[in-house]
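# A closer look at the structure
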2 protein chains.
Amino acid sequence: MPAISHTINEQMESFKLHAQLEKDSIFITKLDLSQVRLNKDSRFPWLILIPELANLRELHEIPDILQSEVYREVHLCSKLLEELMEADKMNIAALGNLVPQLHIHIIARKHDDIAWPQPVWTKGAAIPYTRDEQDRLVNQLANRLDQ
Amino acid sequence: MPAISHTINEQMESFKLHAQLEKDSIFITKLDLSQVRLNKDSRFPWLILIPELANLRELHEIPDILQSEVYREVHLCSKLLEELMEADKMNIAALGNLVPQLHIHIIARKHDDIAWPQPVWTKGAAIPYTRDEQDRLVNQLANRLDQ
């Protein structure tokens, strides 16, 4: 991580996860800048990466000095999920139409998943993981991301 | 742009735009690395940014040395479109389920657009711009991006 200014430091210290993201996903690990979470939808292997900076809505609002760190973390998660899930395609998106706090979707797609080839949004209700599935996946991802 | 290796130079030289992207969008300008195009759908102000490198499918496949340039260009387009369209929210995504060549969607969303708050994909057929609208928008965007 680069040396950061007082202003950015304050933005980090006043970060608080949006309640909807907290409800819909499970904490996996904290990277240098971003929190990585698993979306509670067993239909698609789906990470959500949230840079821990208050008042961020758009990708282009990320402070210049932190841009390379954010994208390093996005690429790290994308590459790992692609490998673990043997994905046919990764889908990466920052939308935020419903939850304004900047969060980046990292979704492993398969040619035989229920939404293929369409995007995963608006495909009906999420199907939660069983407790065992969820614990195993969170542990596996945390172990790999913390290496 | 940073100094680039022989391999990356070859990747740049052998780049060829995918026929579907060529058909569905109009050339606006070429930035240092990426081609910027306007999606032929007047329902949403929608840019498509294509880094001119052959054989790229995933964001995490962008050569390290070019990552900051790609994201600089994404942010430039996003900020400009947000401002020109007085967008309520920007949607940025790299999906590629239908067209495998890496391309990044940069879409200005409004609270009163026909898909809000859902993503724009799978919202029915595109409505083309009139020739005048299209020319005006392409010129306006090219002028601002070429500054």
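So, how was this worked out
- Residues numbered from 1 in each chain as written.
- Chains lettered and ligands numbered in written order.
- Predicted model: local features only at pLDDT ≥ 70, side-chain atom pairs only at ≥ 80, totals over all residues.
- Heavy atoms only, no water.
- Least-squares fit on C-alpha atoms with pLDDT ≥ 70 in both.
- Contact = heavy atoms within 4.5 Å.
- Helix = DSSP H or I, 4+ residues; strand = E, 2+ residues; numbered from the N terminus.
- Buried < 20%, exposed > 50% of the residue type's maximum accessible area, 1.4 Å probe, protein only.
- Axes fitted to C-alpha atoms, helices over the stretch in contact; angles between N-to-C directions.
- Parallel < 35°, antiparallel > 145°, perpendicular 65-115°, else oblique.
- Nonpolar A, V, L, I, M, F, W, Y, C, P; charged D, E, K, R; others polar.
- Salt bridge = Lys/Arg side-chain N within 4 Å of Asp/Glu carboxyl O.
- Pairing = 2+ DSSP bridges.

A separate point is the relation of the copies chain A and chain B. With an RMSD of 0.0 Å, chain A superimposes on chain B once it is rotated by 180° and translated 0.0 Å along the axis. What we have between these two chains is a two-fold relation. Minimal C-alpha distance to the rotation axis in chain A is attained by Ala93(A), lying at 2.0 Å. When you check the interface residues of chain A against chain B, 100% turn up at the interface there too, and the contact is symmetric in its surfaces.

On to unusual backbone geometry. Residues and elements named next belong to chain A. The omega torsion of the bond from Trp-116 to Pro-117 falls at 0°, within 30 degrees of zero and hence cis. Relative to the elements of secondary structure, Pro-117 occurs in the loop between β5 (104-109) and α4 (131-145). Despite not being glycine, Asn-55 has its phi angle at roughly 65°, a positive value. For Asn-55, the position within the fold is in the loop between β3 (46-51) and α3 (64-85). You can call Asn-55 exposed: its relative accessible area is 73%.

In this section: the packing of α3(A) against helix α3 (residues 64-85) of chain B. Packed helices, taken two at a time, are described by their axes: the angle between them and the distance between them. It is at 10 Å that the axes of α3(A) and α3(B) come closest, and there the two elements cross at 105°. On the basis of the axis angle, α3(A) is roughly perpendicular to α3(B). Where α3(A) abuts α3(B), its residues Gln67(A), Tyr71(A) and His75(A) lie against Gln67(B), Tyr71(B) and His75(B). Counted by class, the contact of α3(A) with α3(B) contains two nonpolar, four polar and no charged residues.

All names here are of chain A. In the structure shown here, the tally under the stated rule is 16 salt bridges over all chains. A salt bridge links Lys-30 to Glu-52; its shortest N-O distance comes to 3.4 Å. Here Lys-30, found in strand β1 (residues 25-30), pairs with Glu-52, found in the loop between β3 and α3; they are 22 residues apart in sequence, far enough to count as distant. The partner of Arg-43 in a salt bridge is Asp-41, with the nearest N and O atoms 2.8 Å apart. Owing to a relative accessible area of 18%, Arg-43 belongs among the buried residues under this scheme.

Taken across its six residues, strand β4 (residues 89-94) of chain B has six buried, putting it largely inside the fold. Going residue by residue along β4(B), you find Lys89(B), Asn91(B) and Ala93(B) tucked away on one face and Met90(B), Ile92(B) and Ala94(B) tucked away on the opposite face as well. Strand direction decides the pairing type here: strand β4 (residues 89-94) of chain A and β4(B), joined by three bridges, are antiparallel. From the neighbouring strand, Ile92(A) faces β4(B), where its bridge partner is Ala94(B). Pairing of β4(B) with strand β5 (residues 104-109) of chain B, which is carried by five bridges, proceeds in the antiparallel orientation. Bridged to Asn91(B) within β5(B) is Ile107(B).

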